[in-house]
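# Tertiary structure, described
The residues making up each chain are set out below.
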Amino acid sequence: MDMSRRALLKVIVLGDIGVGKTSLMNQYVYKKFSQQYKSTIGADFVTKELQIDDKLVTLQIWDTAGQERFQSLGSAFYRGADCCVLVYDVNIQKSFETLNNWHEEFVKQAADPADPGAFPFILFGNKIDVDGGSSRVVSEKKAREWCASRGDIPYFETSAKEGYNVHEAFLCVAKMALEGEHEHEQEHEQEHDIYFQGISETVSEVEQRGGCAC
Amino acid sequence: MLKNGKLKLPDKLGGLVSGFDDKEMKNGGSDPVLESGEELEIMEPNGIELGHKENAYEFDDLVNDTDVDNEDAFRTRKRPDKDGSGQVSVMEVIAADEKRSDVEYELSQKEINLEKLRRIASMGLPDGGGLRATAWKLLLGYLSPSHDLWEKELTENRQKYAMLKEELLLSPSEYTRVKEDAMISAELSGEHDDAGPLKRQGISHGDHPLSIVKASAWHHYFKHTEIAEQIDRDLLRTHPDMKFFSGESSFSKKNRVNAEADSFSCFVRLLSDSVDHFCQQLDNSPVGILSTLSRLAELLKENDEELWKHLEFTTKVKPQFYAFRWITLLLTQEFNFQSILRIWDSLLSNPFGIQDMLLRICCAMLLCMKSRLLSGDFAANLRLLQHYPDINIEHLLRVAQDLSADTSSYSLSL
């Protein structure tokens, strides 16, 4: 079992206000959903450990605020990201239309300027549970077309409330981030070192267990 | 205390709050003003408290469930000693009673001594009976220290708010109709129509609802309506259990309208010394939010260089990552509702302004978590500061008060 390399991956979640970014994270990390809405200010930070094949992965997820106001402050959060999750609400047309802005803004601020198309994005169409789907205004077909036009971005339809497809979607996030990480490993090495001091304790525990299991 | 010359509000809002002396309003008060004690009770948070608290706890549970670092071992709770608890609690009750009668006495004065009110409030105002609501309005300068002026001022201010709303939320055609009606009645009564500081431009003949011209009155109207709808949606989903917003309220419409006007003006005053934080164009200026965040770092460095170094360099937990929310929301997402009220008593009663005390409290929040922060890494520290644990608020406020701080750079000249 190859536990010699463990990965720390930084994921940014972007999208309009109220599309369910925080709920998706809470569902993924804590397996809970709350009706109570609390606007995210700046960015919330959570971590999630998971195993992909024989590799231990720590996702550092930055759940950002959807309000336009925070976009200029976003770059501090975007830096060093390994994957960007775009979220829209399938029941709100505008949240789909603004995906272009979120995509552009992120590319401008964080992606490798030499090859902006290479940065791993993923799209979640959330709240598919609402009214049993009858208030839906953006079709899956439309969403997939948009994804195709942006260089074949993977697409997931989710319901943070029901917990539908959330785990699968984030697993895809982790895999994509992991693949991308190999390519620009060196650039981020230093930055990751800083973060690694943090998780080294928990990781080594797991590592020992992993060793025993072999 | 907020009249510091730093008030940079859009003209309209400035006109609304900058005192009651600037423009005499016509058709003086047909609007019944309620006896302030009675009406103010509506805004007394006790009624709201339950729902909000429940939700706050619900969310805390949600987070704590999985947050498995041994919090209890590090818990910095410092409860006051309670040996011979019977005696202490009797004394506490007596002290609370004394405080209540102090505040009641002060608020019943014909001329209220703001200095004294500030001193009392900085130790925490008593809950219930609408005392806090009245005291906060005085501390914010929304009510003047002269009791006799309250009725007149409230009436005038509520009228100004109604006009501002009309200005912003009526559709251009409705607005024109209302204005025409007003002009006819003004002509009949021999007066001139004067919309005062809120006068809006008439609608030009080329203007229409589909106009995309920026100056179009219709364009503005749609923008404003969009914002108003967003606010309604946000209120509903943020406080689904708050009857006040849900429209099933048993309050009379008048009370609700008055409370809305009062809250608006208090809110404007509340943010008057930090309004620049909300202005994106000022983010990189000396008055913007980023400067305030660096001032927090400076304050920490001055008071505890070891902790500052650990946060700034060792773990690289930047103030942007946690204190942005602390500062812009005046700590309302970090504590339970009862604690927030107590903290705000201190914020509003600080003679050097809300922002001065706010930065002190933020710094104290870091100092009170020192041992945990020093043993934490980037992820643990960020999680801790984004989900600030329960703490003895009186202790926190004492630490904040006792900070050595060169506040000259950001204190407000009185």
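Structural notes, computed from the coordinates. The residue numbers shown here count from 1 along each chain, following its written sequence. Each chain takes a letter, starting from A, and each ligand takes a number, starting from 1, following the order in which they are written. Totals for whole chains, interfaces and linings use all residues, but because this is a predicted model, local features are given only for residues with pLDDT of at least 70 and pairs of side-chain atoms are given and counted only at 80 or more. Note that water and hydrogens are dropped before the side-chain values are worked out from all heavy atoms of the structure.

Below, the discussion takes up the overall build of chain B. In this text, helices come from DSSP runs of H or I with a minimum length of four residues, and strands from runs of E with a minimum of two, each type numbered from the N-terminal end. Along the backbone of chain B there are 20 helices and zero strands. Counting every position in chain B, which comprises 414 residues, the buried fraction comes to 47%. Restricting to contacts in chain B with at least 6 residues of sequence separation, those with at least 24 account for 74%. As displayed, chain B has an accessible area near 21,500 Å², and 55% of this comes from carbon and sulfur atoms. Residue burial is assigned from relative accessible area. The probe radius is 1.4 Å, only protein chains are included, and a residue is buried under 20% of its type maximum, exposed over 50%, and partly exposed in between. For this analysis, residues touch if any pair of their heavy atoms sits within 4.5 Å. For every accessible area listed, the method is Shrake-Rupley and the probe measures 1.4 Å; residues are considered covered only by the protein chains on display.

Tallying secondary structure elements over chain A gives seven helices and six strands in all. N-terminal to C-terminal, the α/β element order of chain A is β-α-β-β-α-β-α-α-β-α-β-α-α. The long-range share in chain A, meaning contacts at least 24 apart out of those at least 6 apart in sequence, stands at 75%. Per element, the accessible surface of chain A, about 9,700 Å² overall, is 48% carbon and sulfur.

Turning to the packing of aromatic side chains, a few remarks are in order. Two numbers describe a pair of aromatic rings. These are the distance of the centres and the angle of the planes. Each Phe, Tyr or Trp ring (for Trp, its six-membered ring) is paired with any other whose centre lies within 6.5 Å, and the angle between the two planes then decides the class: stacked below 30 degrees, edge-to-face above 60, tilted in between. Inspection of the entire model under this criterion finds 22 aromatic pairs over all chains. Pairing Y28 of chain A with F170 of chain A gives two aromatic rings, centres 4.3 Å apart and planes at 10 degrees, and the pair type is stacked. You can see Y28 of chain A sitting in helix α1 (residues 21-30) and its partner F170 of chain A sitting in helix α6 (residues 166-183), a full 142 residues away along the chain. Residue classification places Y28 of chain A among the buried positions, given a relative accessible area of 2%. Under the relative-accessibility criterion, F170 of chain A is labelled buried at 1%. Taken together, F45, W62 and F77 of chain A together with F321 and F378 of chain B form an aromatic cluster joined through their ring pairs. For a lysine, the NZ atom is tested; for an arginine, the CZ atom; a charge sits over a ring if that atom is within 6 Å of the ring centre and within 35 degrees of the ring normal. When the ring centre of Y28 of chain A is taken as origin, the NZ or CZ atom of K48 of chain A, which lies over that ring, is 4.9 Å away.

Here the focus is the pattern of salt bridges. A pair is scored as a salt bridge if a Lys or Arg side-chain nitrogen falls within 4 Å of a carboxyl oxygen belonging to Asp or Glu. Enumeration according to the criterion identifies 21 salt bridges over all chains in this entry. Across the pair E104 of chain B and R100 of chain B runs a salt bridge, and its minimum N-O distance is 4.0 Å. Residue E104 of chain B and its partner R100 of chain B are located together in helix α5 (residues 85-108), separated by four residues, close to a single helical turn. Notably, a salt bridge pairs K152 of chain B with E156 of chain B, separated by 3.6 Å at the nearest N-O pair. Taken together, the residues span about one helical turn, with K152 of chain B and E156 of chain B both in helix α8 (residues 150-169) at a distance of four residues. The exposure class of E156 of chain B is buried, given its relative accessible area of 10%. Beyond isolated ion pairs, a larger network of salt bridges with shared partners links D44 of chain A together with R325 and E334 of chain B.

So, on to the pairing of strand β1 (residues 7-15) of chain A. Summarising burial for β1 of chain A: nine of the nine residues are buried, a large majority. Residues of β1 of chain A alternate between two faces, with A7, L9, V11, V13 and G15 of chain A on one and L8, K10, I12 and L14 of chain A on the opposite face, all of them buried.

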